[in-house]
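# Secondary and tertiary structure notes
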Amino acid sequence: MDVRRILGRESGSTLVIVALLMAAVATLSLSFLAVLRSSQQESEGSRENLSALYACEAGLTAAVEQLTRGGTGAIGNKYQPQEYGEQSYYVQATPMSDGRTALVSVGRDDDARMAVEMVVQRRPSGFFRWAAFGDEWVHMDSNSRTDSYESDAGTYLSQQVNGSGSNAHANSEGDVASNGNISMDSNIGVYGDANPGPGGVVTGDLGNISGATTPMPNSVDLPDVIVPSIPNTGNKTVTLNESLSSGSYHFNTLQINNNKTLTVNGPATIVCENMKLKASSNLVVNASSGPVEFFIVNDFVMNSGTTISSTSKSPLDVSFSLLSDNVLDPGVDINFDEDLVDFDSNAVLYGTIFAPSAEVTIDSNFELFGALVARRVDLDSNCRIHYDEVLATVDDGGEATYETLCWRVVTQP
Amino acid sequence: MKLARPLALALLSALPMGAGVGAQQPPAAAPAPVETAAPAVLPPAPPAWTAEERSAIALLRELRKKERLGDEELCARLAVAGERLFPLFSQLLERRAIPPLADATGLAGGEVQVLSEVQEHVILLAIANLEREFVLARLPGAAALTPAEPRQRLAAIGCVGAVGRGNDFPLLFELALAPGESEVARPFASGLRRAAASILRRDERAAEQLVTLRRITPRALLPILVAAVGEARSPRGLAYLSELVAWNDDLVVEVMSQVCQVGRSSDEALNDTMRVRLRPYLDEESPGACRAAVRALTTLGDLDSIGALVTLLGSEDAGLRENALWALRELTGLKLSASQETWARWHQAELAWYLRSKSRDFQHLRSNDLAESASALRELRTHPLARAELRTTLPELLRHRWPAMRAQACSTLAELGASEAVPRLVWSLEDSDKDVARAAHDALRKLTGENLPLDASCWQVATHTQPRGTEL
C-alpha cells in the first residue's frame, strides 16, 4: 500500500474535522456568553428593581412624614420626580373616607420602575392616648385589666363581646405606657400595647399583652397642672342630695357624705384643696351644656362604692387634674398636708385623671372608664381601666400619627 | 399609698422621744411585721437631741419642700458630723420616720414625718460617705435577726446597700431571707433590689461575685437579683444573666427583659453566647417569651435573628408583628414598611450580597486606589450585615494614603457609633491634613458627647488615651 498516497487523501478530512470542532466550540462559547449575558442582565434588572422598590419605600416614608406635619402626602410628579441618590420617586396621595389616605409611590432606577400602594389612617392626637400612663413606672397586680371601647358607639357592656369570663373585653386599644419601666404580675390582661420608656423594659407576664412591648421612641413630657385662680369659699359638705349650677368654685374641702349625690351642671370649673367622696356617694355631672373640670390641690379620696360620671356616661365630660404630691410627702407635715390620692375598691369613675406629681394606686375592683396619667401608676388586682378611644380623637394640637392599613405592589400608573 | 397612715401611726408610737440617740442604745424594734403593725398613738415626749442631731433632723424635715438643695450639697452638710450621726441615721431608717423638733429652731417643728423616698435617699447617700467597715460593724449580725425584727432588717439592708461591696452579698441575702423563710416579703424584695443594684454600680467585681454565688443563692432571691442587675444598668451584669439562662429556664423571660437594660458586654464572646441561648425563644408559640426575646436580641445586635424576625412579620399576633418590625428597623437602620414581602426581598438581596460580594468590597476598601476604596466604602455603608466588620476595619483606614479616605473613615466611624475607635480618632487629631483632623474632631464629639476644642492633648486627657505612637 502506498502510505503517502493514503495520507495525502486523508489530510483534507482532518481540516474539516478541526473546522467543525472549532465551529462547535465557537457555538458553545457564544451560547455560554449569551446565557451569561442574560443572567447578568437579569441580575442587573433584579438589582435595579430592588433599588426602585427601595425608592418607593423612601417615597412612602416621606409622604407619611409630610402627612404628619399636616401636608397632603403628595410628593413630586411623573415629570418632576423627587431625586433620591441615583434613584427617584414621586408619590400620589388620594384622600379617602374616615381619615384614610391612599398613597401610591412610584420609584425608578434607570429603566426599572416599581409602584407600591399604601393606605394609611390618621391616628388620634389627643393627650390621653393610653388607658394608663406612669411617668416613672407602671405596675399591674395580678388580674388587673386594661382594654378599650368607644363611648360614642354605645355602652361598654354592649361592646364587651370579646373573650369570656374574666378575659371578657371590648376593643384592644387599652395601652399602658411609661417613661420608665412597666412591671406585671401574673394573669394580668392588657388588651393593647405595653410601651416602656426609651430605656425602659416590660417585665413579668408578657404573655397576656395583646399588643407590642416595644419602647417608646421618646419620653412623654407631662405638662404642669395650672390651677385656676378662684376665690376660696371654704368647706362644702354635701349632707343632702343637691346641685351646683354651672360656674367656677373653689372649696377648701368638698366632701360628699355617705349615700348622698351632688349634681354639677356644666360647664363648670371646681378647685378643691381636698375632695372626699364617702362610701356609696355619687357625683353626677350634667354636661349637656359643657364639661366639668376639677382641680385638686391635695387629697383626693374616693371611698368604696362611690360613682363619678356624667349623665351621658361620657369620659369626656369629667376631668380631674391633681396637683397632689404624695411621693415628696407621704405623711403628715405641718407645712404640707398629706396628699392622699386614693381610689378605693368597687368605685366607678367615668372621666380622665391627670396627676403628674402623684403615685396613684387604683384599688382592687375599681373601674375607670376613661384614662389615667400619673407620675406612678399601681393597678391593684382585679381593677379595670376601660380606655375610651374617643379621648384620642380630641384634637389638642398634638402631632398626629398614621397607621398603615395595607401595602401592595401595583402596576405602574 | 394606703399603708402610709397605719404605718405613720405605728411609727409615732415606736419612736423613742426621750433622749438623743447618740446618748443611748436604740431600743428594740417593733415586733410586728413591717406592713401590719398598727399600735395606738402615744403622745411624743420632749426630745433631747444633740446639736448635730437636731441640725440633721431639721435638714431632713426640710426635704418635704419642693424647692430644696441638691443631693450632693445635702450630703456634704450631713457628712460634717461624720460617724457620730450614724446611730441617728440607722434609727431613722428603722423607724421610717423623722421625729419632730419641739422647740423653736426656726427650721422645723410639729409632728412626726413619715420617711419619704427623698429623705431615705439622702440618708443612704450620707451613710455611703462613711467607712464600710464602720457601718457594717455597727449593723446587727444577720444571724441574730429574726423575722420578728423586720424594720431592723430593712434598715440593715439599706445600709449594706449604701456601703457594701460584692463580698457583702451573702450578708445581704441573709438579711432579706432569714433562715426558715421561703418567700421574700415585698418591702425586703424592693430593699434588696435597691441595695444589690447600688453595690453592682459601686463595685466593678460585684457582678462576678454574683456569678460565683449563683449556686448557693436561695431560689427566691434570683428574680430580685435579676431585677437588680437590670436596675444597675451595667454591661458586666450580662455574665450573670447568661449564667441564669443556662441554669434557670424558669427565669428566662425576666432575664431577657433585663438584657435590654444591661446592654451588650464588652466581651463579644459573652454576647455571642447569650445570642445563641436566646435565639430559640423567637418562637410565636410562646408569645410572652418571644416578645422579650425580640427586645433582648435586638439589644445584643443579633443580625442572625433577622430571618426569624422577618418570619414573625407574618405572625397572627399583631403585637409580635409590631415587635418584629421594630426590631428589624433597629437592627438594620432601615425604615421599610411592615410588609413581610419587602423585608424578605431585602434580606434575600442582602444575603446574596453577603455571600457573593462582601469579601470583594472589603478588599477594595483596603485598596490604595482612592476611587475604588471610596466606592467600596459607599457600598459597604448600605449593608447592615457588614456593619460589625466595617467597624473593625475602618480604624485601619485612618492610615490610608489618601486624606479624603481618612476623613471618610472618621465620619463613618461616628455614624456607626464605634466608640471603641475613640483612641484612634484621638490620634487622628494630629493628622497632617487639616480636613482629616476636623473630621476626627467631629467624630469624637459625636461619639463621646464631649465638646472639647480641636486639641489632641485635651482629648487624650478626657478619653484616657495614650499619646500617639510612631505607627500611625
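The shown structure was predicted, so the numbers you read here are calculated from the model rather than taken from an experiment. (Residues numbered from 1 in each chain as written. Chains lettered and ligands numbered in written order. Predicted model: local features only at pLDDT ≥ 70, side-chain atom pairs only at ≥ 80, totals over all residues.)

### Details of the overall build of chain A
Scanning chain A from N- to C-terminus turns up two helices and 26 strands. Taking all 413 residues of chain A together, the buried fraction comes to 45%. (Helix = DSSP H or I, 4+ residues; strand = E, 2+ residues; numbered from the N terminus. Buried ≥ 20, exposed ≤ 12 C-beta atoms within 10 Å, placed from the backbone.)

### Considerations on the overall build of chain B
From N to C terminus, chain B includes 25 helices and two strands. When each of the 472 residues of chain B is scored for burial, the buried share is 42%. Looking at chain B alone, contacts between residues at least 24 apart form 70% of all its contacts between residues at least 6 apart. (Contact = placed C-beta atoms within 7 Å.)

### Some thoughts on the sheet that holds strand β1 (residues 82-84) of chain A
Residue and element names in this part refer to chain A. Strand order in the open sheet formed by five strands is β1-β2-β3-β4-β26, and the pairing between neighbours is antiparallel. Two strands in the sheet have a free side with no partner beyond their single neighbour: β1 and β26 (401-410). Neighbour to neighbour, the strand axes of the sheet diverge by 30° on average, direction disregarded. Where strand β4 (residues 112-123) meets β26, nine bridges bridge the pair, whose relative direction is antiparallel. (Pairing = 2+ DSSP bridges. Axes fitted to C-alpha atoms, helices over the stretch in contact; angles between N-to-C directions.)

### Some remarks on the confidence of the model for chain A
All names here are of chain A. Per-residue confidence for chain A gives a mean pLDDT of 86, with 89% of residues at or over 70. Highest mean pLDDT in chain A belongs to strand β7 (residues 176-178) (96); lowest belongs to strand β22 (residues 341-343) (60). Within the model, the stretch residues 331-339 combines pLDDT values under 50 with 28 contacts to residues more than four positions away or in other chains. (pLDDT = per-residue confidence, 0-100.)

### Description of the environment of isoleucine 230 of chain A
Residues and elements named next belong to chain A. For isoleucine 230, the position within the fold is in the loop between β11 (202-204) and β12 (236-238). Take isoleucine 230: there are 15 C-beta atoms within 10 Å of it, and that puts it in the partly exposed class. Separated by 18 residues in sequence, isoleucine 230 and serine 248 place their C-alpha atoms 7.1 Å apart. Residues within four places of isoleucine 230 in sequence aside, it is in contact with Ser248, Tyr249, His250 and Val271.

### A word on unusual backbone geometry
Residues and elements named next belong to chain A. Of note, the bond from glycine 266 into proline 267 is cis; its omega dihedral lies within 30 degrees of zero at 0°. Mapping proline 267 onto the fold places it in the loop between β15 (261-265) and β16 (268-277). Even without being glycine, asparagine 143 reaches a positive phi, approximately 70°. Note on placement: asparagine 143 falls in the loop between β5 (132-140) and β6 (145-149). Of note in the backbone geometry, asparagine 259 takes a positive phi value of approximately 65° without being a glycine. You can see asparagine 259 is positioned in the loop between β14 (247-256) and β15.

### Digging into the environment of arginine 236 of chain B
Residues and elements named next belong to chain B. Structurally, arginine 236 is set in the loop between α11 (222-232) and α12 (238-247). Distance from arginine 236 to alanine 206, taken between C-alpha atoms, is 8.9 Å for residues 30 residues apart in sequence. If sequence neighbours within four positions are ignored, arginine 236 has contacts with Glu204 and Ala207.

### Observations concerning the pairing of β15 of chain A
Residues and elements named next belong to chain A. Every second residue of β15 is oriented toward a common face, the buried set being Leu262 and Val264 and the non-buried set Thr261, Thr263 and Asn265. Where strand β13 (residues 242-244) lies against β15, three bridges are found, and the strand directions are parallel. Bridge assignment links leucine 244 to a residue of β15, and that residue is valine 264. One ladder, built from five bridges, connects β15 with strand β17 (residues 282-286); its direction is parallel.

### Some details on the confidence of the model for chain B
All names here are of chain B. Averaged over every residue, the pLDDT of chain B is 83; residues scoring 70 or more account for 85%. Predicted confidence in chain B is weakest over helix α1 (residues 4-14), with a mean pLDDT of 41, and strongest over helix α16 (residues 306-312), with 95. Segment residues 1-43 is flagged for pLDDT under 50; beyond a separation of four residues in sequence, or across chains, it makes 83 contacts in the model.

### A closer look at helix α7 (residues 150-163) of chain B
Look at α7 of chain B: 20 Å from first C-alpha to last across 14 residues, which is about the 20 Å you get at 1.5 Å a residue. Counting buried residues in α7 of chain B gives 14 out of 14 residues, a clear majority hidden from the surface. (Expected span 1.5 Å × (residues − 1).)

### A few points about the pairing of β4 of chain A
All names here are of chain A. Bridge analysis of strand β3 (residues 100-109) against β4 gives 10 bridges, and the strand direction is antiparallel. Bridge assignment links leucine 103 to a residue of β4, and that residue is methionine 118. The turn joining β3 and β4, which pair antiparallel and follow one another in sequence, is formed by two residues; a positive phi near 50° is taken by aspartate 110.

### A closer look at the packing of α7 of chain B against helix α9 (residues 186-202) of chain B
All names here are of chain B. Contact geometry for α7 and α9: axes closest at 7 Å, N-to-C directions at 15°. Between α7 and α9, the interaxial angle falls into the category roughly parallel. Regarding α7 and α9, the two cross each other, and that crossing is left-handed. Of the residues in α9, those touching α7 at Arg153, Leu154, Ile157, Gly158, Val160, Gly161 and Ala162 are Pro187, Phe188, Gly191, Leu192, Arg194, Ala195, Ser198 and Ile199. For the contact of α7 with α9, the residue count by class is nine nonpolar, four polar and two charged. (Parallel < 35°, antiparallel > 145°, perpendicular 65-115°, else oblique. Left-handed = near helix turned anticlockwise from the far one by under 90°. Nonpolar A, V, L, I, M, F, W, Y, C, P; charged D, E, K, R; others polar.)

### A look at the environment of valine 35 of chain A
Within the element layout of this structure, valine 35 of chain A appears in helix α1 (residues 3-68). Separated by 151 residues in sequence, valine 35 of chain A and serine 186 of chain A have C-alpha atoms that sit 62 Å apart.

### Describing helix α21 (residues 387-397) of chain B
Residue and element names in this part refer to chain B. For α21, the set of buried residues is Leu390, Leu394 and Leu397. Summarising the axial view, the buried residues of α21 lie within an arc of 50°, below the 170-degree limit, and thus occupy one face. α21 presents Thr392 and Glu396 as exposed residues on the side facing more than 90 degrees away from its buried surface. (Arc of directions from axis to C-beta.)

### Points about the packing of helix α22 (residues 403-415) of chain B against helix α24 (residues 434-448) of chain B
All names here are of chain B. Running from amino to carboxyl end, α22 crosses α24 at an angle of 5°, the nearest separation of the two axes being 8 Å. Looking at the two axes, α22 sits roughly parallel to α24. Contacts between α22 and α24 involve Pro403, Arg406, Ala407, Cys410, Ser411, Leu413 and Ala414 from the first element and Asp435, Val436, Ala439, Ala440, Asp442, Ala443, Lys446 and Leu447 from the second. Split by residue class, the contact of α22 with α24 holds 10 nonpolar, one polar and four charged.

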